[in-house]
Amino acid sequence: MEDQAEELRSLMKDRDDAALSDKHEPIGRNSRKTRIITITSGKGGVGKTNVATNMAIAYGQMGKRVILIDADLGLANVNVMMNLIPQYNLYHVIRKQKKMSEIILETDYGIRLVAGASGFSKIANMNEEERNSFISEMYTLSDADIIIIDTSAGVSKNVLGFVAAADEVVVVTTPEPTSITDAYGIIKIIATEVDNLNINLKMIVNRVGSSIEGKRVADRMTSIAAQFLNLKVEYLGFIYDDPLVSQSVLRQKPFFVVDPKSKASVCLKHIVSRIEKTEFPETEGIGRFVRKLFGRNWD
Ligand SMILES: Nc1ncnc2c1ncn2[C@@H]1O[C@H](COP(=O)(O)OP(=O)(O)OP(=O)(O)O)[C@@H](O)[C@H]1O
Ligand SMILES: [Mg+2]
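In this report, the structure presented in the accompanying data block is examined. Throughout, a residue's number is its position along its own chain's written sequence, starting from 1. Note on labels: chains are lettered from A, ligands numbered from 1, in written order. Reporting of local features is limited, given that this is a predicted model, to residues whose pLDDT is at least 70; pairs of side-chain atoms are given and counted only at 80 or more, and all residues count toward the totals for whole chains, interfaces and linings.

Looking at helix 2 (residues 48–61)
If you check helix 2, its first and last C-alpha atoms are 20 Å apart, about what 14 residues at 1.5 Å a residue would give, namely 20 Å. Whether a residue is buried, exposed or partly exposed is read from the other C-beta atoms within 10 Å of its own C-beta, which are placed from the backbone; 20 or more gives buried, 12 or fewer gives exposed, and intermediate counts give partly exposed. Runs of H or I in DSSP of at least four residues are treated as helices and runs of E of at least two as strands, each being numbered from the N terminus. Of all 14 residues that make up helix 2, 13 are buried, and the element is covered over most of its length. Downstream of helix 2 by a residue or two, Gly63 has a phi angle that is positive, lying close to 90 degrees. Every helix has an expected span of 1.5 Å times one less than the residues it contains.

Topic: the nonpolar core
Formed by 82 residues in total, the largest nonpolar core has its most connected members in Leu68 and Ile148. Contact between residues is assigned whenever the C-beta positions, reconstructed from backbone atoms, fall within 7 Å. Filtering out sequence-adjacent residues up to four positions away, Ile148 remains in contact with Ile37, Ile39, Ala52, Met55, Ala56, Val66 and Leu68. We define the nonpolar core as any set of buried residues of the types Ala, Val, Leu, Ile, Met, Phe, Trp, Tyr and Cys, connected via C-beta atoms lying within 7 Å of each other.

Examining the site of ligand 1
Only the C-beta atom matters for nearness: placed from the backbone, it must lie within 6 Å of the molecule or strand for the residue to count as near. If you check the shell around ligand 1, you find 22 residues, and the closest are Gly44, Gly47, Lys48, Thr49 and Ser246. Sorting the residues of the shell around ligand 1 by element identifies helix 2, strand 7 (200–208) and helix 10 (243–251) as the ones contributing at least two each. Following the grouping adopted for this structure description, the nonpolar residues are Ala, Val, Leu, Ile, Met, Phe, Trp, Tyr, Cys and Pro, the charged ones are Asp, Glu, Lys and Arg, and the polar ones are all others, Gly among them. Taken together, the residues of the shell around ligand 1 sort by class into 7 nonpolar, 10 polar and 5 charged.

Some remarks on unusual backbone geometry
Glycine aside, the phi torsion of most residues is negative, and most peptide linkages are trans. The phi angle at Asn230 is positive, at roughly 55 degrees, despite the residue not being glycine. Looking at the element boundaries, Asn230 is found in the loop between helix 9 (211–229) and strand 8 (233–240). Positive phi, normally seen in glycine, also occurs at Gln252, with a value near 55 degrees. In this structure, Gln252 sits in the loop between helix 10 and helix 11 (255–258).

Regarding the sheet that holds strand 4 (residues 112–115)
Being paired, for any two strands, means DSSP has found at least two bridges between them. What the 8 strands build is an open sheet, ordered 3-4-2-5-1-6-7-8; its pairing is mixed. Both outer strands of the open sheet, strand 3 (105–106) and strand 8, are each paired with one neighbouring strand and no more. Strand direction decides the pairing type here: strand 1 (residues 35–40) and strand 5 (residues 146–150), joined by 5 bridges, are parallel. Note on strand 5: the bridge partner recorded for Arg35 is Ile146. Angles shown run from 0 to 180 degrees and are taken between the N-to-C directions of axes, each axis being a line fitted to C-alpha atoms and, for helices, limited to the stretch in contact. Sheet contacts for helix 2: strand 1, strand 2 (66–70), strand 5, strand 6 (168–173) and strand 7; angle to strand 5, the most-contacted strand, approximately 165 degrees. Each of strand 7 and strand 8 is contacted by helix 12 (residues 263–277), which is oriented at about 160 degrees to strand 8, the strand it contacts most.

Digging into the pairing of strand 2
With respect to burial, strand 2 is a largely interior element, 5 of its 5 residues being buried. Burial along strand 2 is two-sided: the face carrying Val66, Leu68 and Asp70 and the face carrying Ile67 and Ile69 are both buried. As judged from the 5 bridges shared by strand 2 and strand 5, these two strands associate in the parallel manner. Pairing of Val66 across the sheet is with Ile146, part of strand 5. Judged from the 4 bridges that link them, strand 2 and strand 4 form a sheet pairing that is parallel. In the sheet register, Ile67 faces strand 4, and the bridge partner there is Arg112.

Dropping the structure here:
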């Protein structure tokens, strides 16, 4: 196992240059940079998929080119929320059965969807040819301004891979004590397992009854992370507990579309504008994402 991880790492050392050279990189890539945001949580069911989907749509409505990657294997995932049934996923791209352009789904909501499914967990088993072709295919996503990745809860290797690779990692929690402790748990694991020193950790408190409640949860988390992990966690904001969210899930229509003026939608707009206010370094983007994705121990 160690050997294979080491091998992957050294392979990627060589690949780093190749991945960034024009062998894979589309012409004009430097003219825009892609911001990659991974949405995760400690506990399940706290609202990741709703946050990821509706955040993607909110960005889309701002005129950004958005790709939502569904990396979750769960049942209530992105495509269910948008009433879409993807026929193909990243697995088919890795196996060279499909091109990225053939698996990307246009949605009714101004964003594009890539079904990750079990695709990313197959990364460790790729041979060199598959890897090269996969890197090239990943680069075709670099025409997007934003890539939002919805993960499953907890600390599977799959999730850590996305965490390590993203520009920004948004941890979602609710005010529930178990959700807060599990959120802290994943932040701690991120701090120790992921050797991305520039990791940008952010936090959303979902399902609050008041802004004060959100602030209280966030303050506790940011101060504990600073004190015990020496880690900065930025509070992005809260989302009210809003019956519209579950109603929208049942209708398989994102709440931001059902009612853009709802409490949940207004909160989400605030969160997006908060993210937009923070710059991210020039060097990021798909190149770094792919590199980091391959740099991890996938065994
Ligand atoms: N702000 C909210 N107000 C009311 N209900 C909410 C809110 N956010 C989420 N929910 C409820 O929680 C359920 C789970 O949300 P969601 O599927 O987004 O969570 P998740 O973190 O992606 O779950 P999983 O860990 O299973 O992937 C929703 O179907 C909805 O009923
Ligand atoms: Mg989910």
